[in-house]
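Spelled out, the chains give:
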Amino acid sequence: LMGIETNFGTYVGKMDIISSLATLSYDKRRSEFFTNELLILLKLIDTKQVNYETLYGSWAGAFGFFQFMPSTMKNYAIDYDDNNYIDLKNNKDAYASAANYLKKIGWKKNQPCFYKIDLSNDIPKKYLNVSAKKLHNKNKLSYFKKYINSINIPNNYYDDLIVAIITPDKDIIPDAETLTPAYIVFSNYEIILKWNRSLRFSLAVCTLK
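Here's a quick rundown of the structure.

For the rest of this paragraph, the subject is the side chain of Ser-97. With respect to the element layout, Ser-97 can be found in helix H5 (residues 91–104). Excluding residues within four positions of it along the chain, Ser-97 makes contact with Phe-68, Tyr-76, Ala-77, Ile-78 and Leu-88.

What follows is the structure in structure tokens.
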């Protein structure tokens, strides 16, 4: 996540996020959202949970190595090093906060994220997902095995887990074809989609994790 969001912390943004949120609050398309984020951030500053002098980030108001919005900071960020404020540009606070976020939204540490697979040509097209908006036609891995020529999973360890099949299109992976590349994705993959609803993003994060 950190690698994709901020190039491993090398670029976290230079915008004053208080000003960014105040400006975006006037955008009629998402005024309520950004106004609420601004008010949350001001409350975090007022209660000294964050240091306002450090609050430089993205034009959209996201902050730190993992680009947390103020509401995410409020609900999931942790003062891991016990210095009495949360600094999401500090490795200890940032990593602990990201881990806490993933845990709270349902990440299962003993389950996989995805496996690359070789699909058989007779798989019905209805089982193929090319969008991240909503993965459809999910089923147990054991059900899909009849459509899979090869998969590098030991024994039948994950057969009872619910999975979906994704086949990213050419906009995501150049030279993609209808059935290749293809991936079996588990619930942890969908947890990453809650962070950023992009097949490309989730595949990259799951690869780097």
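Next comes the rest of the description.
For the rest of this paragraph, the subject is the pattern of salt bridges. Counted by the stated rule, this structure contains three salt bridges. Between Glu-190 and Lys-138 there is a salt bridge, with its nearest N and O atoms 3.1 Å apart. With a gap of 52 residues between them, Glu-190 in helix H7 (residues 187–195) and Lys-138 in the loop between strand S4 (128–129) and strand S5 (139–140) connect regions that are remote in the sequence. Among the residues examined, Glu-190 registers a relative accessible area of 22% and is labelled partly exposed. Residue classification places Lys-138 among the partly exposed residues on the basis of a relative accessible area of 39%.

Once that is clear, we can look at the packing of H5 against H7. Each pair of packed helices can be summarised by the angle the axes make with each other and by the distance between the axes. Between H5 and H7, the shortest axis-to-axis distance is 10 Å and the interhelical angle comes to 120°. Considering the angle they form, H5 stands oblique to H7. Judged by the sense of rotation from one axis to the other, the crossing of H5 with H7 is right-handed. Residue-level inspection shows Ala-98, Tyr-101 and Leu-102 of H5 in contact with H7, the latter providing Ile-191, Ile-192, Lys-194 and Trp-195. Here the contact of H5 with H7 is built from residues that sort into six nonpolar, no polar and one charged.

What follows concerns unusual backbone geometry. The step from Thr-180 to Pro-181 runs through a cis peptide bond, and the omega angle for that step is -5°. With respect to the secondary-structure elements, Pro-181 resides in the loop between strand S7 (162–166) and strand S8 (182–185). Positive phi, normally seen in glycine, also occurs at Asn-84, with a value near 80°. The residue Asn-84 is located in the loop between helix H4 (70–76) and H5 in this model.

The rules behind these values
Residues numbered from 1 in each chain as written. Predicted model: local features only at pLDDT ≥ 70, side-chain atom pairs only at ≥ 80, totals over all residues. Heavy atoms only, no water. Helix = DSSP H or I, 4+ residues; strand = E, 2+ residues; numbered from the N terminus. Contact = heavy atoms within 4.5 Å. Salt bridge = Lys/Arg side-chain N within 4 Å of Asp/Glu carboxyl O. Buried < 20%, exposed > 50% of the residue type's maximum accessible area, 1.4 Å probe, protein only. Axes fitted to C-alpha atoms, helices over the stretch in contact; angles between N-to-C directions. Parallel < 35°, antiparallel > 145°, perpendicular 65-115°, else oblique. Left-handed = near helix turned anticlockwise from the far one by under 90°. Nonpolar A, V, L, I, M, F, W, Y, C, P; charged D, E, K, R; others polar.

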